[in-house]
Amino acid sequence: MELLNKESIWQVRNSYLGVYVHFPYCFKKCDYCDFYSEGIGAASANDEKSLFQSYKKEILDRVNHFPEIKNRSIDTVFFGGGTPSKASAKHWKELLDFLRSEFSFSDNPEISIEVNPEDLSSDLLFEYDSIGINRVNVGVQTLEKKGLEFLGRHYDADRYHALVEVLTKSPIERVGIDLMYGIPGVSKDSFLSDLSLFLKAGLPHLSLYSLTLEKGTKYSRDVIDHKKTEPEENLQSEILIQLPEILKKYGYNWYEVSNYAKPGFESLHNLKYWTYEPYLGIGPGAHGMIAGHRYGNPRNSGLYQKKETSTKYETIDPSTELSLTLFRLFSPFRYLDFIETYLDTKSKSKYLKTIEGWEKKGLCRLEDGVFQWNPSALLLLDDLILEISL
Ligand code: SF4
């Protein structure tokens, strides 16, 4: 069995904590987006200062609710949104200082921020570097103007044209982008030509997603009203199965359904979501998972700042949770350890039986307690995950 190098075999980790902070403002609300976000144009958010104060208050409240998280070291912080690059670097620095004063940190924590193309510049990257941010991900989606128009995204031509150069000269080594495929009107060739630009630039991380129709978005209403067409699903499947081979040629590890990284450049924060590690979710619309419980914050910035931090925590069913996250990984993981650590006897035997069945069908490989999907599982993945979660 040809497993990947030992460093990328994911395992149970018990002493760390991730922190996600949601900044809910964007230049413009994109039509397909179902995150909590509000379009406010080029100006800064009126309530930026008070929002950052509320972040600090929520952090202290969550620690009060779960004092045991203080025994963990923070090894990942992720500033997401919305568009966190719209907030001032000074505020992010103060929040990082605050976290450092309240928690212990691991030796080399991953500190990430999402940046939108209209904010991206060399100066910004140098500023982030100087305040300790060491990973940047840019939501590019497509370089085609008509694709961006279809998505209802803000388009700043100069910034889009400068993207590759700014990223390749970045003082921060861990940079990546999101690209999307299956946008009606954007051909497969056009997607592959965008992709090849970033592959040749050698960016260490690439998230390659298919466009999806999410309920409640403007895009889904436009589809119902016949103003727009649905994502191109056949084209999406065609691209999805070609990507692993293409990316392999350029030296990327395919570590999650939609995520590729040069060895050692995987997103450690996102891996927490897939390997059942606890994380604090801070800010309006954020979700967190702590000590076997989940919680979610109001999707409204004003309400979030006004209301007391909710003490509503939902107990997690590890059997369902593990199936929905762990089996999205395409790099190998120590499945026996995960099962042993998190599942009760009944779920354990159900998992083992299902996994053995998959192995017999040639869908996965098992060796010394390590599981890895075969590429043939890719198009069946949703059904396979459903099978093990039931
Ligand atoms: S920029 Fe990102 S978070 Fe903001 S609306 Fe668009 S997709 Fe959503």
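All figures in this text were calculated on a predicted structure; none of them were measured in a lab.

Undergrad: Which parts of the structure should I look at to understand helix α5 (residues 157–168)?
TA: Given 3.6 residues per turn, any residue in an α-helix points the same way as the ones three and four places further on. Looking only at α5, the buried set comprises Y160, L163, V166 and L167. The arc that holds the buried residues of α5, viewed along the axis, is 120°, so those residues lie on one side. Of the residues in α5, the exposed ones pointing more than 90 degrees away from the buried face are D158 and H161. Those residues of α5 that are buried are in contact with α3 (122–130), β6 (135–141), α4 (145–151) and β7 (174–181).

Undergrad: Got a minute to help me understand the environment of N134 in this structure?
TA: Among the secondary structure elements, N134 is positioned in the loop between α3 and β6. Given the relative accessible area of 24%, N134 is considered partly exposed. For N134 and E110, which are 24 residues apart along the polypeptide, the C-alpha to C-alpha distance reads 6.4 Å. Separated by 2.7 Å, the side chain of N134 and the backbone nitrogen of I111 make a polar contact.

Undergrad: Help me understand the UniProt feature "domain: Radical SAM core" (unreviewed entry) in the protein chain in this model?
TA: Under the feature "domain: Radical SAM core" (unreviewed entry), the UniProt entry names residues 11–253. This span, residues 11–253, is 40% helix and 23% strand, and a straight line between its end C-alpha atoms measures 17 Å.

Undergrad: Can you walk me through unusual backbone geometry in this structure?
TA: Most peptide bonds take the trans form, and the phi angle of most residues other than glycine is negative. Following G81, the chain continues into G82 via a peptide bond in cis, with omega recorded as 25°. Inspection of the secondary structure puts G82 in the loop between β4 (73–81) and α2 (89–102). The backbone of H226 shows a phi angle near 60°, a positive value even though the residue is not glycine. By the secondary structure assignment, H226 is in the loop between α7 (218–224) and α8 (233–249). Backbone geometry places A291, a non-glycine residue, at a positive phi of 45°. Looking at the element boundaries, A291 is found in the loop between β12 (287–290) and β13 (293–296). Owing to a relative accessible area of 42%, A291 belongs among the partly exposed residues under this scheme.

Undergrad: Got a minute to help me understand the site of the ligand in this structure?
TA: Neighbouring the ligand are the residues C26, K28, K29, C30, Y32, C33, S37, G82, T83, N116 and R153. In the shell around the ligand, the residues fall into four nonpolar, four polar and three charged.

Undergrad: I keep staring at the domain arrangement of the protein chain and nothing clicks. Help me out?
TA: Often, the extent of an interface is quoted as the loss of accessible area upon association of its parts. Here the protein chain is partitioned into domain 1 (7–273) and domain 2 (317–390). Using only C-alpha atoms to locate each centre, domain 1 and domain 2 end up separated by 27 Å. With 16 residues of domain 1 at the contact, the number on the domain 2 side is 17 residues. When the two sides are added together, the surface that domain 1 and domain 2 hide from each other amounts to roughly 1,500 Å², 69% of it contributed by carbon and sulfur. For domain 1, the biggest contributors to the area lost against domain 2 are I9, V12 and W254; these three give 35% of the whole. Connecting domain 1 to domain 2 are one salt bridge.

Cut-offs and rules
- Residues numbered from 1 in each chain as written.
- Predicted model: local features only at pLDDT ≥ 70, side-chain atom pairs only at ≥ 80, totals over all residues.
- Heavy atoms only, no water.
- Buried < 20%, exposed > 50% of the residue type's maximum accessible area, 1.4 Å probe, protein only.
- Helix = DSSP H or I, 4+ residues; strand = E, 2+ residues; numbered from the N terminus.
- Arc of directions from axis to C-beta.
- Contact = heavy atoms within 4.5 Å.
- Polar contact = N/O pair within 3.5 Å; in protein donor to acceptor, adjacent residues only side chain to side chain.
- UniProt positions renumbered as here; feature names shortened; annotations may be inferred.
- Near = heavy atom within 4 Å.
- Nonpolar A, V, L, I, M, F, W, Y, C, P; charged D, E, K, R; others polar.
- Domains from an automatic or database assignment.
- Buried area = accessible area lost by both parts, 1.4 Å probe.
- Salt bridge = Lys/Arg side-chain N within 4 Å of Asp/Glu carboxyl O.

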